[in-house]
Amino acid sequence: MSSNSAPSRRAFLARSAAVAAVPAAAALAGGALAGPASAGTLPGYAPVPPSALGPAVNAQGYFAGRVEKNLYWVTDGTYQAAFLTTRDGVVLFDAPPSIGHNLQRAIDEVASANGVPGTVTHLVYSHHHADHLGASSLFGRDVTRVGHAQTKVLLARDNDPARPVPDVTFQTRRTLHVGGERIDLAWHGTNHTPDNIYIHFPDHGTLMLVDVILPGWVPYDSFNLNEDVPGSIAAPATALAYPWKHFIGGHMGRPGTRADLALYQQYVADLIDNINKALVTVDPTPFFTRYGNNSWAAVKTYQAAQVAYATAPVIKKYTGVLAAADVYTDSTAFHILESIRLDLGTGSQIHP
Ligand SMILES: [Zn+2]
């Protein structure tokens, strides 16, 4: 696919979508951002490798492309959804609010070009998060929403009118048959969230698993905010056990390949190796000597030193390979370090 047309416009739109996606984070940082930002004083980062970027978005701010046969993906450069056209209507997979009304525009573009109905009849939820489902209500009440049983529980809790609860739920597996097409849904345990599912298109050589592997990019802040770190580390192997060629990760500007999952696994394995080294190598003494009875100051600076020790070789290795390795590797390493400490018990010592 072309990755060279209108790069500055694409970058601007991707950035706009990314910013639109995290208004809460910006609001939380309001103190720091309240003054006029000066681009010249903001930190510099390594360039994004061309391999991380996808096709340019159009004037409306989206790109819709064929994955295989009648399966399509749509992106705004930061978020992704997918849709399957059938003789009886369209099955949509996720409805990110940042793509919003462009979802139906993308569907109409494809459906009219292929002479198939463009009405969305089914909407499959990958997981309950608002940044992937917040445009669900645009599709009205007549759409059959499908999701994991826990997605229904969590959406009922969140009570967000933009994300109606699913009408059809399942616990472990469910096969959907719509207009002669087959979609296999499965839950293989918690990972990013307790309800995140694997969406397999056996006749389209495609797997969709959202918010775990972001092809071309390191994970978002704090290891994608994954609720279950061991479950998220294990998820790519579960994904690779399926037969597929194309991967929809829910984020950034392009679909993925099996090589993208292997690269992600290596990045995480390298982080774990270096975190384990940091846990036994960085000497805590100076931090506790310096901060005395302020235990949190000592712990914070000690752990920051462990993270810096662990990430330096990883950032060096992956800069130019995975986009934003120098942006988010530290926060992801901290999240994994805490899981190694708290889930695995590494470094725990019983007082003699
Ligand atoms: Zn999520």
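Values in this document were obtained by computation on a predicted structure and should not be read as measured data.

## Some words on the layout of surface pockets
In this approach, a probe sized like a water molecule rolls over the atoms, and the result shows the empty space that is left.
Stage number 1. Volume-wise, the second largest pocket comes out at about 310 Å³.
Stage number 2. In terms of lining residues, the second largest pocket is bounded by Leu279, Val280, Pro284, Phe288, Val299, Tyr302, Gln303, Gln306, Arg341, Thr346, Gly347 and Ser348.
Stage number 3. Within the residue set of the lining of the second largest pocket, elements represented by two or more residues are helix 9 (258-281) and helix 11 (295-318).
Stage number 4. Each residue belonging to the lining of the second largest pocket can be placed in one class, and the counts come to six nonpolar, five polar and one charged.

## Some thoughts on empty space enclosed by the protein
Stage number 1. The tally for this structure, following the rule as stated, stands at one cavity of 30 Å³ or more.
Stage number 2. Computed from the structure, the largest cavity encloses a volume of approximately 40 Å³.
Stage number 3. Taken together, Ile213, Leu214, Pro215, Gly216, Trp217, Asp260, Leu263, Tyr264 and Leu322 form the lining of the largest cavity.

## Some words on the environment of Ala235
Stage number 1. Mapped onto the fold, Ala235 is located in helix 8 (residues 229-240).
Stage number 2. Look at Ala235 and you get buried, because its relative accessible area is 0%.
Stage number 3. For the pair Ala235 and Ile197, spaced 38 residues apart in the sequence, the C-alpha separation amounts to 10 Å.
Stage number 4. Contact partners of Ala235, with chain neighbours within four places excluded, come to Asn191, Tyr198, Leu209 and Val212.

## A look at helix 11
Stage number 1. The first and last C-alpha atoms of helix 11 sit 34 Å apart over 24 residues, in line with the 34 Å expected at 1.5 Å per residue.
Stage number 2. Within helix 11, the axis deviates most sharply at Thr311, by approximately 35°, and proline Pro313 lies no more than four positions further along.
Stage number 3. After helix 11 finishes, the residue Gly320 shows a positive phi value of roughly 90°.

## What about the packing of helix 11 against helix 12 (residues 325-342)?
Stage number 1. Contact geometry of helix 11 with helix 12 gives a least axis separation of 9 Å together with a crossing angle of 130°. By the angle between their directions, the pair helix 11 and helix 12 is classed as oblique. Relative to helix 12, helix 11 is oriented so that their crossing is right-handed. Where helix 11 abuts helix 12, its residues Gln303, Gln306, Val307, Thr311, Val314, Ile315 and Tyr318 lie against Ala325, Asp326, Thr329, Asp330, Ala333, Phe334, Leu337, Glu338 and Arg341.
Stage number 2. The residue inventory of the contact of helix 11 with helix 12, partitioned by class, reads eight nonpolar, four polar and four charged.

About the cut-offs
Residues numbered from 1 in each chain as written. Predicted model: local features only at pLDDT ≥ 70, side-chain atom pairs only at ≥ 80, totals over all residues. Heavy atoms only, no water. 1 Å grid on protein atoms, 1.4 Å probe; cavity = no way out; pocket = protein on both sides within 12 Å on 5 of 7 lines; lining within 4 Å. Points joined across faces, edges and corners; volume = space filled by probe spheres on them. Helix = DSSP H or I, 4+ residues; strand = E, 2+ residues; numbered from the N terminus. Nonpolar A, V, L, I, M, F, W, Y, C, P; charged D, E, K, R; others polar. Buried < 20%, exposed > 50% of the residue type's maximum accessible area, 1.4 Å probe, protein only. Contact = heavy atoms within 4.5 Å. Expected span 1.5 Å × (residues − 1). Bend = angle between axes of the 7 residues up to and from the residue. Axes fitted to C-alpha atoms, helices over the stretch in contact; angles between N-to-C directions. Parallel < 35°, antiparallel > 145°, perpendicular 65-115°, else oblique. Left-handed = near helix turned anticlockwise from the far one by under 90°.

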